[in-house]
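# Observations on the three-dimensional arrangement
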Amino acid sequence: SYATGVQVIIVPEGSDVSIDNLGEKMIGTQHATTGYIYASGDYGEDHVTAYDNGASAVQALLNGQVDCVIIDSAPAEAFVAANAGLTILDTEYVTENYAIGLSKDNTALVEAVNTALAELIADGTVQSIVDKYISAE
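These lines cover the structure that appears in this document, whether it is placed above or below. (Residues numbered from 1 in each chain as written. Predicted model: local features only at pLDDT ≥ 70, side-chain atom pairs only at ≥ 80, totals over all residues. Heavy atoms only, no water.)

## Considering the packing of aromatic side chains
The geometry of an aromatic ring pair is captured by the separation of the ring centres together with the interplanar angle, meaning the angle of the planes. Tallied over the entire structure, the rule returns two aromatic pairs. Geometrically, the ring pair formed by Tyr-2 and Tyr-98 is tilted, given 6.4 Å between the ring centres and 45 degrees between the ring planes. In this pair, Tyr-2 sits in the segment before strand S1 (3-12) while Tyr-98 sits in strand S6 (residues 94-98), placing the two residues 96 residues apart along the sequence. (Phe/Tyr/Trp six-rings, centres within 6.5 Å; stacked < 30°, edge-to-face > 60°. Helix = DSSP H or I, 4+ residues; strand = E, 2+ residues; numbered from the N terminus.)

Structure below.
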């Protein structure tokens, strides 16, 4: 793993939504994301509405079209900071580890990739990429 992502749940402040009753709620997600995959797998597609982007999902939450939004923690924090009346549940929904799939038989490639990743993690490059691409935009 070269980075860890956390899916969280955005709700309106004072909401009764909890990790325990998500199956009874309408969940907003961004289309074609792991948040959508996990939520629809856990609760069925009839409980999940996918939007073109995270901002649209959060707008649907603000408009009362969904009860909560499942999204990566970094954009969630930005959306909550920008929209009064929203909060993030204390419980993480899913923790994901990002990795690169390689053939174990190609030991030279595995070693080269692991060495390069270690250098990129140590010098902050991986974190800068995560910060740039896992954001509210």
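Read on for the rest.
## Quick notes on the nonpolar core
Within the largest apolar cluster, 15 residues are counted, with the highest numbers of intra-cluster contacts made by Ile-10, Leu-61, Val-66, Val-69, Ile-71 and Leu-86. Once residues lying within four places of it in the same chain are set aside, the contact partners of Ile-71 are Val-6, Gln-7, Val-8, Ile-10, Gly-54, Ala-76 and Phe-79. In terms of nonpolar packing, the next biggest core, distinct from the first, is built from 13 residues, Tyr-36, Ala-39, Val-48 and Cys-68 among them. (Core = buried A, V, L, I, M, F, W, Y, C linked by side-chain atoms within 4.5 Å. Buried < 20%, exposed > 50% of the residue type's maximum accessible area, 1.4 Å probe, protein only. Contact = heavy atoms within 4.5 Å.)

## Here we look at the side chain of Asp-72
Note on placement: Asp-72 falls in strand S4 (residues 68-72). Buried Asp-72, no salt bridge; nearest opposite-charge side chain is Lys-132, N-O distance 16 Å. Here Gln-7 takes part through its side chain, which lies 2.5 Å from a polar atom of the side chain of Asp-72. Not counting residues within four places of it along the chain, the set of residues in contact with Asp-72 comprises Val-6, Gln-7, Val-8, Glu-96, Tyr-98 and Ile-134. (Lys, Arg positive; Asp, Glu negative; His and termini not counted. Salt bridge = Lys/Arg side-chain N within 4 Å of Asp/Glu carboxyl O. Polar contact = N/O pair within 3.5 Å; in protein donor to acceptor, adjacent residues only side chain to side chain.)

## Topic: the environment of Ala-50
The residue Ala-50 is located in strand S3 (residues 48-51) in this model. Measuring from C-alpha to C-alpha, the distance between Ala-50 and Gln-30 comes to 5.2 Å, with 20 residues separating the pair along the chain. Here Ala-50 is in contact with Thr-29, His-31 and Tyr-36, once residues within four sequence places are set aside.

## Some details on helix H3 (residues 73-82)
Residues Pro-75, Ala-76, Phe-79 and Val-80 constitute the buried set of H3. Projected onto a plane normal to the axis of H3, the buried residues spread over an arc of 135 degrees and lie on a single side. Seen from the buried face of H3, the exposed residues on the opposite side, beyond 90 degrees, are Glu-77, Ala-81 and Ala-82. Against the buried residues of H3 lie S1, helix H2 (54-62), S4 and strand S5 (86-88). (Arc of directions from axis to C-beta.)

## Some remarks on the pairing of S4
Counting buried residues along S4, five of its five residues qualify, which places the element largely inside the surrounding structure. Bridge analysis of S1 against S4 gives four bridges, and the strand direction is antiparallel. Note on S4: the bridge partner recorded for Ile-10 is Val-69. Pairing of strand S2 (residues 27-30) with S4 involves two bridges; the strand directions are parallel. Paired with Ile-27 across the bridge in S4 is Cys-68. (Pairing = 2+ DSSP bridges.)

## Here's the deal with the pattern of salt bridges
Applying the stated criterion to the full structure yields one salt bridge. The partner of Asp-16 in a salt bridge is Lys-25, with the nearest N and O atoms 3.1 Å apart. When its relative accessible area of 54% is taken as the criterion, Asp-16 is described as exposed.

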